[in-house]
Amino acid sequence: MAVRTVDFRSDTVTKPTESMRNAMANAEVDDDVLGYDPTAQRLEAEMARIMGKEAGLFVPSGTMGNLICLLTHCQIRGSEVILGDNSHIHVYENGGISTIGGVHPRTVKNNEDGTMDLHLIEAAIRDSSFEILYPTTRLICLENSHARSGGRCLTVEYTDKVGELAKKYGLKLHIDGARIFNASVALGVPVHRLVQAADSVSACLSKGLGAPAGSVIVGSKSFIARAKILRKTLGGGMRQIGVLCAAASVALQENLVKLEGDHRKAKLLAEELNKIKGLKVDSAAVETNIVYCHILKGSKVSRTHLCKILEQHGILVLPEGPMRIRFVIHHQISESDVHYTVSCLQQTLAGEAEENGDIKHLMNGFKHNLYL
Ligand SMILES: Cc1ncc(COP(=O)(O)O)c(C=O)c1O
């Protein structure tokens, strides 16, 4: 049986801390659909302040946050949104903008760093004089940090340029900021400055910040007023949500400062994995808390086999693609957990080379692991 659990599957897997549970137990609450929950109101105001926008709205998830923002910007059916072909909204959100909102996605290729080339964005904007044929472009979406690019950050200069482009064509700019705080910390740019060019941002509290649930969307007062109606339509209006917002406030107070350490641990993991024969990490691409580890061709271990052995040692990861494993760092993973993981992998790959697949032999070796 595994002697410890190290859960790298995502930064969404964290358990609420003791202080979050206490805050939840003692939260002052009321009916938020009627607009009276004081804890929700405080959290929304605080998030709007931190992000430099007029107002905020608590929503159950990042997916709903993005959906509400996109549909609020694109109230006319047949509107078109420009977004990355590798963006979370396009790949992982069930095509909700189309199926629920009647919004047409126009994808632009995401570069490896999560950006889209400005000239490609500009070329994707429809010529409104042909509206008899084309959908009407109304919105550009960015994602920061960019999950499927390994948590890479879009700089403030890049974001501003996309904002200028949007303005030039009378479009709105939305940022999927599920991990915007990670990006802000990694870039050393205050979050309000990083999202200054955006008309709306959806920021997750349940990822790196470690709250049990929830996101907050921010924007102008009139935008949030319209978003609130849509939240109700989508079934996202909840009653005594102060219970969740209290935990999220603690997450903001206590865990924001831990993100820098998470990024350091991610770098450490990347550098150590790179020393192991058969594995490859692009360390330079590890800018925040996500590490993509490639299993090199010719390695004696398959991805499935490697994940299985790690699991037997309490190390949980997510396979991504046939030859890639994803590690995500969060505040409940320690430096010692990173060393333990590296040690397990070292022994696995060394053992595989010697024993050519004798898992039992390897398992015995792990019993003597130093990093317990
Ligand atoms: C970049 C990004 N946006 C949005 C989401 C959706 O968040 P949720 O899982 O809370 O719906 C995720 C979730 O992992 C994400 O990584």
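Rules used throughout
- Residues numbered from 1 in each chain as written.
- Predicted model: local features only at pLDDT ≥ 70, side-chain atom pairs only at ≥ 80, totals over all residues.
- Helix = DSSP H or I, 4+ residues; strand = E, 2+ residues; numbered from the N terminus.
- Buried ≥ 20, exposed ≤ 12 C-beta atoms within 10 Å, placed from the backbone.
- Contact = placed C-beta atoms within 7 Å.
- UniProt positions renumbered as here; feature names shortened; annotations may be inferred.
- pLDDT = per-residue confidence, 0-100.
- Pairing = 2+ DSSP bridges.
- Near = placed C-beta within 6 Å.
- Nonpolar A, V, L, I, M, F, W, Y, C, P; charged D, E, K, R; others polar.
- Core = buried A, V, L, I, M, F, W, Y, C linked by C-beta atoms within 7 Å.
- Domains from an automatic or database assignment.

1. So, the overall build of the protein
Here is step 1 of the chain: If you tally the helices and strands in the protein, you get 15 helices and 13 strands.
Here is step 2 of the chain: Taken along its principal axes, the extent of the C-alpha atoms in the protein is 65 × 50 × 35 Å.
Here is step 3 of the chain: Considering the protein as a whole, with its 372 residues, one finds that 48% of them fall into the buried category.
Here is step 4 of the chain: Long-range pairs, those at least 24 residues apart, make up 72% of the contacts in the protein with a sequence separation of at least 6.

2. Digging into the UniProt feature "domain: Aromatic amino acid beta-eliminating lyase/threonine aldolase" (unreviewed entry) in the protein
Here is step 1 of the chain: Under the UniProt annotation, the feature "domain: Aromatic amino acid beta-eliminating lyase/threonine aldolase" (unreviewed entry) is placed at residues 7–294.
Here is step 2 of the chain: Taken end to end, residues 7–294 comprises 41% helix and 17% strand; its first and last C-alpha atoms sit 19 Å apart.

3. A short note on the environment of Cys 293
Here is step 1 of the chain: With respect to the helices, strands and loops of the structure, Cys 293 is situated in strand β10 (residues 290–295).
Here is step 2 of the chain: When the 23 C-beta atoms within 10 Å are taken as the criterion, Cys 293 is described as buried.
Here is step 3 of the chain: Sequence separation between Cys 293 and His 90 is 203 residues, and the spatial gap between their C-alpha atoms is 24 Å.
Here is step 4 of the chain: Beyond its immediate sequence surroundings of up to four residues, Cys 293 is in contact with Leu 273, Leu 279, Val 281, Arg 324, Ile 325 and Phe 327.

4. Describing the confidence of the model for the protein
Here is step 1 of the chain: Per-chain confidence: the protein averages 93 in pLDDT, with 94% of residues scoring 70 or above.
Here is step 2 of the chain: In the predicted structure, residues 355–372 sits below a pLDDT of 50 and forms 25 contacts with residues beyond four places in sequence or in another chain.

5. Let's talk about the UniProt feature "modified residue: N6-(pyridoxal phosphate)lysine" (unreviewed entry) in the protein
Here is step 1 of the chain: Residues annotated by UniProt as "modified residue: N6-(pyridoxal phosphate)lysine" (unreviewed entry) correspond here to Lys 207.
Here is step 2 of the chain: Topologically, Lys 207 is positioned in the loop between β7 (200–204) and β8 (215–219).
Here is step 3 of the chain: In contact with Lys 207, other than residues within four places in its own chain, are Asp 11, Thr 12, Ala 178 and Arg 179.

6. What about the pairing of β7?
Here is step 1 of the chain: Counting buried positions along β7 gives 5 out of 5 residues, so the element sits mostly inside the fold.
Here is step 2 of the chain: In β7, alternate side chains face the same way, and those of Ser 200, Ser 202 and Cys 204 on one face and Val 201 and Ala 203 on the other are all buried.
Here is step 3 of the chain: With 4 bridges connecting them, strand β6 (residues 172–177) and β7 associate as parallel partners. Its bridge partner lying in β7, Ile 175 is registered against Val 201.

7. Remarks on the site of the ligand
Here is step 1 of the chain: In the neighbourhood of the ligand, the contacting residues comprise Ser 61, Gly 62, Thr 63, Asn 66, His 88, Glu 143, Ala 147, Asp 176, Ala 178, Cys 204, Ser 206 and Ser 215.
Here is step 2 of the chain: Broken down by element, the shell around the ligand gets its largest block of residues, 3 residues, from helix α3 (residues 62–73).
Here is step 3 of the chain: Per-class residue counts for the shell around the ligand are 3 nonpolar, 7 polar and 2 charged.

8. Here's the deal with the nonpolar core
Among soluble globular proteins, nonpolar side chains are generally buried collectively.
Here is step 1 of the chain: Ala 247 and Val 291 are the most contacted members of the largest nonpolar core, which has 105 residues in total.
Here is step 2 of the chain: Each of domain 1 (18–254) and domain 2 (258–352) contributes no fewer than three residues to this core.
Here is step 3 of the chain: Those residues in contact with Val 291 that sit more than four places away from it in its chain are Ala 266, Leu 269, Ala 270, Val 281, Val 286 and Phe 327.

9. Brief notes about the domain arrangement of the protein
Here is step 1 of the chain: Examined at the domain level, the protein breaks down into domain 1 (18–254) and domain 2 (258–352).
Here is step 2 of the chain: Between the C-alpha centres of domain 1 and domain 2 the distance comes to 30 Å.
Here is step 3 of the chain: At the junction of the two partners, domain 1 supplies 14 residues and domain 2 supplies 13 residues.
Here is step 4 of the chain: Classifying every residue of the side of domain 1 that touches domain 2 by side-chain character gives 6 nonpolar, 6 polar and 2 charged.

10. Brief notes about the environment of Gly 114
Here is step 1 of the chain: Its location among the elements puts Gly 114 in the loop between β4 (104–108) and α6 (118–124).
Here is step 2 of the chain: Residue Gly 114 is classed as buried on the basis of its 26 C-beta neighbours within 10 Å.
Here is step 3 of the chain: Spatially, the C-alpha atom of Gly 114 lies 8.2 Å from that of Ser 87, the residues being 27 residues apart in sequence.
Here is step 4 of the chain: With residues up to four places along the chain from it excluded, the contact list for Gly 114 reads Glu 143, His 146, Ser 149, Arg 152 and Leu 154.

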